[in-house]
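Descriptive structure summary
Listed here are the chains, written in short residue letters.
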Amino acid sequence: MSVKLQTLLGPKDPEPIEIVAADSASGIVLLCEHAGNAIPKVLGTLGVSRDIIESHRGWDIGALDLARKLAESLDASLVIQRYSRLVLDCNRPPDSALAIPVVSDQVTVPGNSALNAEARAIRVNEIFRPMDAALNRLFASHPRRAAFSIHSYTPNLGGENRPWHAGFLSRTPSGVATALRDHVAESHSGLSLAVNAPYQLETDGDWFIPAHAEPRNLAHCLIEIRNDQLGSPEGIDLWADLLAEAILASVEGVDP
């Protein structure tokens, strides 16, 4: 028997977003849309184990700590999205079939099977919409010059190894992704770095860059760090320092 959900988030569930330094004058906005792996209590565990929720399937491991450290270094505004990508992937267009995964890296998610339109709409309204509205408020409240999305990725997906330590994603010829890669490479030798790997940005598969950064003509990049680089405070500090220097160099001279 299906349960008709009138609401998703209850009083004991965390707020979907946190905003850091909304009034920052740096002109830089950061987003970490896979920062958390919370699941609304009414959904239980979506039918998967805690090990799955704690894995790369449930969130971007290490991305939140990196985003916080980077925002502090840059004095940037930061939007943090707390719910698991298994509940709703907030870097997908909300009407995309990819937004609520039925299978995640070869693991079936029973709690996402056969959702009706109402159940899908409730997840979008209570988790995605607050994040999107917060971004619109940030971009409207102060002049902004750049936007970066902070992610991590698993070293192996579906049996395929990903050799890069980090990837810098963009689909516009602005050169920001290449500039970030080159600056990091010059600052720290021995890293394997890529542009538009391990993913490529697509309108029907990504949200923040196509929906917010590109229409506003902001300097931008979706930054992916392999999550085994972020497993210690030292790794977080290293990548925060490398990225902060690279971002400041890449946006130098860009007016908000």
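For the structure, check the block above.
For the structure given in this document, a descriptive report is provided here. (Residues numbered from 1 in each chain as written. Predicted model: local features only at pLDDT ≥ 70, side-chain atom pairs only at ≥ 80, totals over all residues. Heavy atoms only, no water.)

A closer look at the overall build of the chain
Scanning the chain from terminus to terminus reveals six helices and 11 strands. Relative to the globule expectation of 18 Å for 256 residues, the C-alpha radius of gyration of the chain, 18 Å, shows essentially globular dimensions. Taken along its principal axes, the extent of the C-alpha atoms in the chain is 60 × 45 × 30 Å. A sequence separation of at least 24 residues applies to 82% of the contacts in the chain between residues at least 6 apart. (Helix = DSSP H or I, 4+ residues; strand = E, 2+ residues; numbered from the N terminus. Rg over C-alpha atoms; globule rule 2.2 N^0.38 Å. Contact = heavy atoms within 4.5 Å.)

Observations regarding unusual backbone geometry
With omega at 10°, the peptide bond leading from Ala197 into Pro198 counts as cis. One can find Pro198 in the loop between strand S10 (193-195) and helix H5 (208-213). Here the phi dihedral of Ala21 falls at roughly 55°; this positive angle occurs in a residue that is not glycine. By the element assignment, Ala21 lies in the loop between strand S1 (17-20) and strand S2 (28-32). Of note in this structure, Leu46 is not a glycine but carries a positive phi near 60°.

Remarks on helix H3 (residues 117-141)
The end-to-end C-alpha distance of H3 is 34 Å, a good match for the 36 Å that 25 residues give at a rise of 1.5 Å each. The largest bend along H3 reaches roughly 40° and is located at Phe128, with the proline Pro130 sitting one to four residues downstream. Two or three places before Glu118, at the start of H3, stands the capping residue Asn116, its side-chain oxygen 3.2 Å from that residue's backbone nitrogen. (Expected span 1.5 Å × (residues − 1). Bend = angle between axes of the 7 residues up to and from the residue. Polar contact = N/O pair within 3.5 Å; in protein donor to acceptor, adjacent residues only side chain to side chain.)

Overview of the sheet that holds S1
The sheet built from seven strands is open, its strands ordered S1-S3-S2-S6-S11-S9-S10 with mixed pairing. In this open sheet, the two edge strands, each paired with only one partner strand, are S1 and S10. Strand-to-strand, the axes of this sheet are offset by a mean angle of 20°, without reference to chain direction. Taken together, the four bridges between S2 and strand S6 (residues 146-153) define a ladder with parallel strand orientation. Following the sheet pairing, Leu30 is matched in S6 by Phe148. Running at roughly 160° to strand S11 (residues 219-226), helix H6 (residues 233-251) makes contact with S2, S6, strand S9 (166-169), S10 and S11 of the sheet. (Pairing = 2+ DSSP bridges. Axes fitted to C-alpha atoms, helices over the stretch in contact; angles between N-to-C directions.)

Structural notes on the pattern of salt bridges
Scanning the entire structure with this criterion turns up 11 salt bridges. In this structure, Arg85 engages Asp60 in a salt bridge whose closest nitrogen and oxygen atoms are separated by 2.6 Å. Of this pair, Arg85 sits in the loop between strand S3 (77-81) and strand S4 (103-104) while Asp60 sits in the loop between helix H1 (50-54) and helix H2 (63-74), and the two are 25 residues apart along the sequence. In this structure Arg85 comes out as buried when scored by relative accessible area, which is 18%. Since its relative accessible area comes to 2%, Asp60 is described here as buried. The salt bridge involving Asp89 is made with Arg92; its shortest N-O contact spans 3.4 Å. Look at Asp89 and you get buried, because its relative accessible area is 5%. Judged by its relative accessible area of 24%, Arg92 is partly exposed. (Salt bridge = Lys/Arg side-chain N within 4 Å of Asp/Glu carboxyl O. Buried < 20%, exposed > 50% of the residue type's maximum accessible area, 1.4 Å probe, protein only.)

Brief notes about H2
Taking 1.5 Å per residue, 12 residues should reach 16 Å; H2 reaches 16 Å between its end C-alpha atoms and fits that length. Regarding H2, the residues found buried are Ala63, Leu66, Ala67, Leu70, Ala71 and Leu74. Taken end-on, H2 shows its buried residues confined to a sector of 130°, consistent with a single buried face. Looking at the buried side of H2, the elements it contacts are S2, S3, S6, S11 and H6. Backbone geometry just downstream of H2 places Asp75 in the positive-phi region, at approximately 50°. (Arc of directions from axis to C-beta.)

Points about the layout of surface pockets
Its boundaries defined by the atoms lining it, the largest pocket holds a volume of some 630 Å³. Every element with two or more residues in the lining of the largest pocket is listed here: S4, S6 and S11. Among the elements that line the lining of the largest pocket, the one with the most residues is S6, at three residues. Of the residues in the lining of the largest pocket, the class split is 14 nonpolar, 10 polar and nine charged. (1 Å grid on protein atoms, 1.4 Å probe; cavity = no way out; pocket = protein on both sides within 12 Å on 5 of 7 lines; lining within 4 Å. Points joined across faces, edges and corners; volume = space filled by probe spheres on them. Nonpolar A, V, L, I, M, F, W, Y, C, P; charged D, E, K, R; others polar.)

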